[in-house]
Structures are given as structure tokens and as C-alpha cells.
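What follows is the residue order along each chain.
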Amino acid sequence: MNRYDKPNPADIQTICTRPALDVSALENTVDHIFKSVKSDGDIALLDFTEKFDKIRLDSLQVSDAEIKGAINAVPIHLKKAISRAHSNITKFHKMQQCEIVKVQTSEGVHCWQKSVAIEKVGLYIPGGSAPLFSTVLMLAIPATIAGCEEIIMCTPPDHYGIINPSILYTAQLCGVSTIVKAGGAQAIAAMSMGTTSVPQVNKIFGPGNQYVTAAKMKAFSAGTAIDMPAGPSEVLVFADETGHPEYIASDLLSQAEHGLDSQVILVTTDDSMVDQVESAIAEQISSLPRAEIAELVLNNSHAVKYDDVEAAFRFINDYAPEHFIISSERSESYIELIKNAGSVFLGNYTPESAGDYASGTNHTLPTNGHAKAFSGVNLDSFCKKITFQHISKEGLSGLGQTIIDMAEAEQLQAHANAVKIRMR
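Residues numbered from 1 in each chain as written. Predicted model: local features only at pLDDT ≥ 70, side-chain atom pairs only at ≥ 80, totals over all residues. Heavy atoms only, no water.

Asker: Please give an account of the overall build of the protein that cites residues and values.
Answerer: Helices and strands together make up the secondary structure of the protein, namely 16 helices and 14 strands. Taken over the C-alpha atoms alone, the protein extends approximately 85 × 60 × 45 Å along its principal axes. Contacts in the protein between residues far apart in sequence, at least 24 positions, make up 74% of those at least 6 positions apart. Element-wise, carbon and sulfur atoms account for 51% of the exposed surface of the protein, whose accessible area totals about 21,000 Å². The average position of the 33 basic charges and that of the 49 acidic charges among the side chains of the protein differ by 10 Å. (Helix = DSSP H or I, 4+ residues; strand = E, 2+ residues; numbered from the N terminus. Contact = heavy atoms within 4.5 Å. Areas by Shrake-Rupley, 256 points an atom, 1.4 Å probe, with all protein chains shown as cover. Lys, Arg positive; Asp, Glu negative; His and termini not counted. Charge placed at Lys NZ, Arg CZ, Asp CG, Glu CD.)

Next up, the structure:
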């Protein structure tokens, strides 16, 4: 790891610079895919699946027989684990439901807000070497709780045309309406525009590679909402003198094994912590199947030393980490210093992987410093807030002149007249 002791502004800029994702180089490819899906629909999806996933499918939608087969194929111990995670994630997201509160802003003037589910949502679940059934839980559970009428899921098949049973099992458990064998930019295009087999959705959720990211941005520019700007995953660990070096090393390695574009940061106020953590990393990394990837990521990551906590947290808030672990026996005493973070993991016994899978919080989080302005996926991500108001005759009589004076000052006479005609 690259070491910094009280980094200067230039150092901080270097540390806060994430691996660049230049989607402009992909625009021609993504444009071609969108045009093909728009003109040829399902045929284009089948052609792209054959090209990229090396399988010619007979149909795109997953059948009931395939889902039943997946249910039987998932081992009992994994079903129990998924069930436990499902329960915790459901509890956490149900807690986010809010009651309608009506407010009388003036005599006879009542205003309130109602949360209404987005009717059709699309979930993208990446395929490849890791079957991300945990992301199905994180997206489909809040969509179901919110009351979305249709939940469409796209995920790429393997070379045999099969979707991993754990993904199908989890999707049916969470109430997904339609499961489609389609991946990459073509799946995003299909959900954005609609085809015979893929219903058009109002908002698209989920992670993916650079092509998926570029496709989501194109879908957004064309009028389909997306969850948030996405980029490579990252973790920042803050440790004081009560942090546990072995635990910290395991957290840094768990993020580093994601992929070559991941980033891990260690920030500490303890003079010996960096040496202890690097020693623990050296002991743990050799046993990892993805050790080579983790080592390359660590070579491009950073360890930062500060003398005082306030300076350390100024840097952390400037970095705005996706995952933020506080490795300390007094972790909760630092909460008020946190301004920017996607999800925070407090104490020496709260690994980031708990939030990835089963503690209950959502793992779909803002990266690349977007935590300064964006929240992670939550129940509100699947809803719109519609405001209501009701004004009685007496209420308009009391508020009317205020409206008239303001409308006339803006030279919008028809606005004023809409009140005057009711007050006569």
C-alpha cells in the first residue's frame, strides 16, 4: 500500500481519485445495441446472447419448470442462509415505511405527502463467475415491500443457457414477476424500451460492468430512471489504537478480491497500525484463491496516517467512501464526525461482508465519491412522493390575498385570477 503521513492537498487529490471509467469509448457499441433492440426486439436479444454468452436460446423468459428445478437444486443449508438474510433485510426495509401525516399549514389549509410505489421496476443481476443472488435480495425485497406492481429481472445465462439455481430460487422467494435470460447492455436496453418478452420499466436498478454502466446512463438520458451512478467498489477503514490489525487486514482483502478496479484505503491515528495491518495482510493473502488480484489492488491502494481524529475525518468525508468501517472499541463516539459515507460498519466485530449479505442493510451503495450527495438503495428508491392539499372555502379566504399578491408581483395575472374568481 502507498503510505502517506499527514498528506498534503496534492496527496489527498491523488488518494481520492478513483479508477477512471470512461464510458465515452463505449458509446458507439452501446448505441448500436440500443438501436438493434429498438428495431428487432427479442430477435436482437437472442442474437446478442448468442454473440456474448455463446448460447442460442429458444426463449428468453425463464419457465416455471426451470424455477421448480432451481428450488430443488439449491442445498438446504443455503436455503436456510438465504431465508435468514431475507428476514433481516425485510425487517430493516419495513422499518423505513412512513405513516401519512396531515399538516394544517393555515386555518382550513391541509397538506400531506403519500408514498406511492413505482409501477414497473427492472433489476439487473450480473452473471459471470459469481452468482450474485445477494443482490436479488437487496433489490427485490424493498421493491416488494414498496408495492411495485411488476418486478422484472434480467440476468445472463451461462454457456448452456442456464441461470444459477441460487439466483432463480432467490428471485421466486422475493416475488419477482418476470425473469429474463439476458445480460449486458442489451438487457438494459430491453428494460428501458421494452420488447415482446421484456416489459418496459420505469426505473432500472443493479450493478454491472462498464457496458452495463454505459447502458444505464444512456437509458437515463432517454427517460428511464436509474438507481444511482455506479463505479468500482471501495472500502475505507479507520482505526485508532484499539483497532484489531488482523480484522482490518481481512476487511481490506475482502474488498481487494472484488476486481482490479477496486480500491481500499486505511486511515489511522496509531503510529504502528499500518505496519501491523500489512504484516497481517501478508499472512492472510496467500490462502486466497484470488490472491493475485488482491495483491495488485493493494499495490494501488493507500494507507494514511494522521495525528488527530478531526483531521482524519476531514479527509474521510472528502473521500466519501462507499463502505466505511470504524475499527475501534469506541466506534460510536465517532458517529457525529461522519458526513459522507454510503454505509458505516461500527466496531471490531462488524465486517463489511455482514452488510453485503445478511445483517439487513442494503449493499447497493454510491461509489466514486457520490456518497456526498446520494444515498444507497432503500425503500424510497422504489417510490415516488406525491403531495396532496385540500383547502376549504374559509381556508382560501384566509390565504387568498397572499397568493394574489405574490402572483401579481410575478406578473402572472391568470394565477391571481384563479383565486379571485373563487373569492367573489
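Asker: Describe the pairing of strand β2 (residues 103-106), and please don't skip the residues or the numbers.
Answerer: Two faces belong to every sheet, and in a regular strand the side chains alternate between them. Pairing of β2 with strand β3 (residues 109-117) involves three bridges; the strand directions are antiparallel. Paired with S106 across the two strands is V109, which belongs to β3. Hairpin connection from β2 to β3: two residues lie between these consecutive antiparallel strands, with G108 at a positive phi of about 80 degrees. (Pairing = 2+ DSSP bridges.)

Asker: Tell me about the packing of helix α15 (residues 393-409) against helix α16 (residues 413-423), and name the residues and values.
Answerer: Where α15 contacts α16, the axes come no closer than 8 Å and their chain directions differ by 160 degrees. Taken together, the axes of α15 and α16 are roughly antiparallel relative to one another. The interaxial crossing formed by α15 with α16 has left-handed handedness. Across the interface between the two elements, L396, S397, G400, Q401, I403, I404, A407 and E408 from α15 touch Q413, H415, A416, V419, K420, R422 and M423 from α16. (Axes fitted to C-alpha atoms, helices over the stretch in contact; angles between N-to-C directions. Parallel < 35°, antiparallel > 145°, perpendicular 65-115°, else oblique. Left-handed = near helix turned anticlockwise from the far one by under 90°.)

Asker: Could you give me a rundown of helix α11 (residues 273-285), with the residues and numbers involved?
Answerer: An ideal rise of 1.5 Å per residue puts 18 Å on 13 residues; α11 measures up with 18 Å between its terminal C-alpha atoms. The complete set of buried residues in α11 reads M273, V274, V277, A280, I281 and I285. End-on view of α11: buried residues confined to an arc of 130 degrees, all on one side of the axis. With respect to the buried face of α11, the exposed residues turned more than 90 degrees away are A282 and E283. Packed against the buried residues of α11 are β1 (2-5), β9 (234-239), α10 (245-256), β10 (263-268), α12 (291-299) and β11 (302-305). (Expected span 1.5 Å × (residues − 1). Buried < 20%, exposed > 50% of the residue type's maximum accessible area, 1.4 Å probe, protein only. Arc of directions from axis to C-beta.)

Asker: Quick one: what's the story with the sheet that holds strand β12 (residues 323-327), residue by residue and with numbers?
Answerer: Ordered by their spatial adjacency, six strands build an open sheet running β1-β11-β10-β9-β12-β13, and the pairing between neighbours is parallel. Both outer strands of the open sheet, β1 and β13 (343-346), are each paired with one neighbouring strand and no more. Sheet twist, expressed as the average angle between the axes of neighbouring strands with direction ignored, equals 15 degrees. As paired strands, β9 and β12 are joined by five bridges and run parallel to one another. Within β12, the residue paired with V235 across the bridge is H323. Relative to β9, helix α13 (residues 309-319) is tilted by about 175 degrees, and along the sheet it contacts β9, β10, β11 and β12.

Asker: Tell me what's going on with the packing of helix α4 (residues 64-73) against helix α7 (residues 165-173), and back it up with residues and numbers.
Answerer: If you want to describe how two helices pack, look at the angle between their axes and the distance between the axes. Direction vectors running N to C along α4 and α7 enclose 110 degrees, while the axes themselves pass 8 Å from each other. As the angle between them shows, α4 and α7 are arranged roughly perpendicular. Touching E66, I67, A70, I71 and A73 of α4 are P165, L168, Y169 and Q172, all from α7.

Asker: So what's going on with the pattern of salt bridges? Residues and values would help.
Answerer: Close approach of charged atoms allows side chains of opposite charge to pair. Enumeration over the complete set of coordinates arrives at 18 salt bridges. Among the ionic pairs, K181 bridges to E66, the shortest N-O distance being 2.6 Å. Of this pair, K181 sits in strand β6 (residues 178-181) while E66 sits in helix α4, placing them 115 residues apart in sequence. We classify E66 as partly exposed; its relative accessible area is 30%. Here D318 ties to K372 by a salt bridge, and the two come within 3.2 Å at their closest N and O atoms. Here the residue D318 occupies a position in helix α13, and K372 occupies one in the loop between α14 (352-357) and β14 (383-391), the gap between them amounting to 54 residues. Here the salt bridges share partners, and the residues they tie into one network are D5, K6, D271, K305 and D307. (Salt bridge = Lys/Arg side-chain N within 4 Å of Asp/Glu carboxyl O.)

Asker: Go over unusual backbone geometry with me, naming the residues and quoting the values.
Answerer: The backbone of K6 shows a phi angle near 50 degrees, a positive value even though the residue is not glycine. Position of K6 among the secondary structure elements: in the loop between β1 and α1 (9-16). For K6, a relative accessible area of 46% puts it in the partly exposed group.

Asker: Which residues make up the pairing of strand β5 (residues 150-155), and what are the values?
Answerer: Counted residue by residue, β5 has five buried out of six residues, so it is predominantly covered. Summarising the sheet, strand β4 (residues 120-124) and β5 pair through five bridges and their orientation is parallel. For K120, the partnering residue across the bridge sits in β5 and is E150. Pairing between β5 and β6: four bridges, direction parallel. Paired with M153 across the two strands is I179, which belongs to β6.

Asker: Outline the nonpolar core, listing residues and values.
Answerer: In terms of nonpolar packing, the biggest core is built from 39 residues, with V121, L123, C148, M153, I179 and F382 touching the most fellow members. The element that contributes the greatest number of residues to this core is helix α6 (residues 133-146), accounting for 10 residues. Core analysis: the second largest hydrophobic core is formed by 30 residues, A44, L46, L60 and Y124 among them. (Core = buried A, V, L, I, M, F, W, Y, C linked by side-chain atoms within 4.5 Å.)

Asker: Before we move on, can you summarise the packing of aromatic side chains with the specific residues and values?
Answerer: A ring pair, where both rings are aromatic, is described by two values, the distance of the centres and the angle of the planes. What the rule picks out here adds up to 10 aromatic pairs. With a centroid separation of 6.4 Å and 35 degrees between ring planes, the pair formed by F315 and Y319 is classed as tilted. On the criterion of helical spacing, the pair formed by F315 and Y319 is a turn pair, its members being four residues apart in helix α13. A residue is classified by how much of its surface remains accessible, and Y319, at 0% relative accessible area, is buried. Pairwise contacts between aromatic rings join F238, F313, F324 and Y334 into one cluster. (Phe/Tyr/Trp six-rings, centres within 6.5 Å; stacked < 30°, edge-to-face > 60°.)

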